[in-house]
Amino acid sequence: MNQAEIISDARVPTYPAFPKVIVNTIVGTILGGILLLAPIAILDVMNNRIRTSEDLRQAIAVRALPTVTQKMAAQARRYLKNGKAPGRELKEFGEMMSRRLLTEGHKNWPEEYIYVTAIGSKEHVTAMQDVVKAAASLFAPRTDASPLAVVALPQVARLPSWEPYQGGTILVGVAAGEAESTEIERMSGSELAQ
């Protein structure tokens, strides 16, 4: 014992050796973020709601028309009210609608009516009606002076039956996040999707 020599005095450490607060904070933040985002990512992957025009095109293949925007609806209203020159978006919509009507369904423009409805609100149906009416007045070939009638139906959820409209041309608007892809696929595969 006489030969024991003290090299350095023992001191209480400033930081404890365990737990390491900084390391645990970083690891906890990363794990918490993963645990928080995992259910959100899973719900997003498993969700089959139609949220974008690309989702709609995937659900019904090539039958989708361009998105009816508020700007396009305003252009259609101005065109119908004042006869002002239609905007580029409205022209493109009309050209696409004309192409779809001539290549699918009855292979021609309807003679009397185009029915429009929407999965969404009444405002969506009205906007669809305005845009389709403007597009039809631009591109529908008419032998007489009367314009092609565009008839607004109630929203899809409020329609009691599709039977009165069988054989007619029905355009269904889909508001973002309002419909599931299975519902759209079922409608597009039915007789009404002509």
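Residues numbered from 1 in each chain as written. Predicted model: local features only at pLDDT ≥ 70, side-chain atom pairs only at ≥ 80, totals over all residues. Heavy atoms only, no water.

## Points about the overall build of the protein
- A count of helical and extended segments in the protein gives 6 helices and 3 strands.
- Listed N to C, the secondary structure of the protein is α-α-α-α-β-α-β-β-α in terms of helices and strands.
- Counting over 194 residues, the protein shows a buried share of 30%.
- Roughly 13400 Å² of accessible area belongs to the protein as shown, and the carbon and sulfur atoms make up 57% of that amount. (Helix = DSSP H or I, 4+ residues; strand = E, 2+ residues; numbered from the N terminus. Buried < 20%, exposed > 50% of the residue type's maximum accessible area, 1.4 Å probe, protein only. Areas by Shrake-Rupley, 256 points an atom, 1.4 Å probe, with all protein chains shown as cover.)

## What about the layout of surface pockets?
- Estimated volume of the second largest pocket: approximately 180 Å³.
- Considering the residues around the second largest pocket, the lining is formed by 14 residues, among which Pro 110, Tyr 113, Gly 167, Gly 168 and Thr 169 are closest to the centre.
- Of the residues belonging to the lining of the second largest pocket, the class tally is 6 nonpolar, 6 polar and 2 charged. (1 Å grid on protein atoms, 1.4 Å probe; cavity = no way out; pocket = protein on both sides within 12 Å on 5 of 7 lines; lining within 4 Å. Points joined across faces, edges and corners; volume = space filled by probe spheres on them. Nonpolar A, V, L, I, M, F, W, Y, C, P; charged D, E, K, R; others polar.)

## Observations regarding the nonpolar core
- Phe 93, Met 97, Trp 109, Ile 114, Val 132 and Leu 171 are the most contacted members of the largest nonpolar core, which totals 23 residues.
- Here this core takes 7 residues from helix α5 (residues 122–139), the largest share from any one element.
- For Trp 109, the residues in contact, after removing those within four places along its chain, are Met 97, Ser 98, Leu 101, Leu 102, Ile 114, Ala 135, Ala 136, Phe 139, Ala 140, Pro 141 and Leu 148.
- Formed by 5 residues, the second largest nonpolar core is a distinct cluster that contains Leu 153, Leu 159, Tyr 165 and Ile 170. (Core = buried A, V, L, I, M, F, W, Y, C linked by side-chain atoms within 4.5 Å. Contact = heavy atoms within 4.5 Å.)

## Things to note about the pattern of salt bridges
- Within the structure shown, the criterion is met by 2 salt bridges.
- Among the ionic pairs, Arg 77 bridges to Asp 130, the shortest N-O distance being 2.8 Å. Remark: Asp 130 occurs in helix α5 and Arg 77 occurs in helix α3 (residues 70–82); sequence separation between them is 53 residues.
- A relative accessible area of 14% places Asp 130 in the buried class.
- For Arg 88, the salt bridge identified is with Glu 92, shortest N-O distance 3.0 Å. You can see Arg 88 and its partner Glu 92 sitting in helix α4 (residues 88–103), 4 residues apart, about one turn around the helix. (Salt bridge = Lys/Arg side-chain N within 4 Å of Asp/Glu carboxyl O.)

## Overview of the packing of aromatic side chains
- Applying the stated criterion across every chain, the model contains 1 aromatic pair.
- Geometrically, the ring pair formed by Tyr 113 and Tyr 115 is stacked, given 5.9 Å between the ring centres and 20° between the ring planes.
- Relative accessible area serves as the criterion here: at 39%, Tyr 113 is assigned to the partly exposed category.
- A relative accessible area of 14% places Tyr 115 in the buried class. (Phe/Tyr/Trp six-rings, centres within 6.5 Å; stacked < 30°, edge-to-face > 60°.)

## Side note on the environment of Leu 138
- Residue placement: Leu 138 occurs in helix α5.
- What Leu 138 contacts, discounting residues up to four positions off in sequence, is Tyr 79, Pro 86 and Leu 90.

## Details of the pairing of strand β1 (residues 113–119)
- With 6 of 7 residues buried, β1 lies mostly within the body of the structure.
- Looking at chain direction, β1 and strand β2 (residues 149–152) are connected through 4 bridges and run parallel. From the neighbouring strand, Val 116 faces β2, where its bridge partner is Ala 152.
- Here β1 runs beside strand β3 (residues 169–174); their pairing, made up of 6 bridges, is parallel. When the bridges of β3 are listed, Ile 119 appears paired with Val 174. (Pairing = 2+ DSSP bridges.)

## Notes on the side chain of Gln 75
- Secondary-structure assignment places Gln 75 in helix α3.
- Classification of Gln 75 as buried rests on a relative accessible area of 9%.
- A polar contact of 3.4 Å, which involves the side chain of Gln 75, links it to the backbone nitrogen of Leu 90.
- If we ignore the near neighbours within four places in the chain, the residues touching Gln 75 are Gly 87, Arg 88, Glu 89 and Leu 90. (Polar contact = N/O pair within 3.5 Å; in protein donor to acceptor, adjacent residues only side chain to side chain.)

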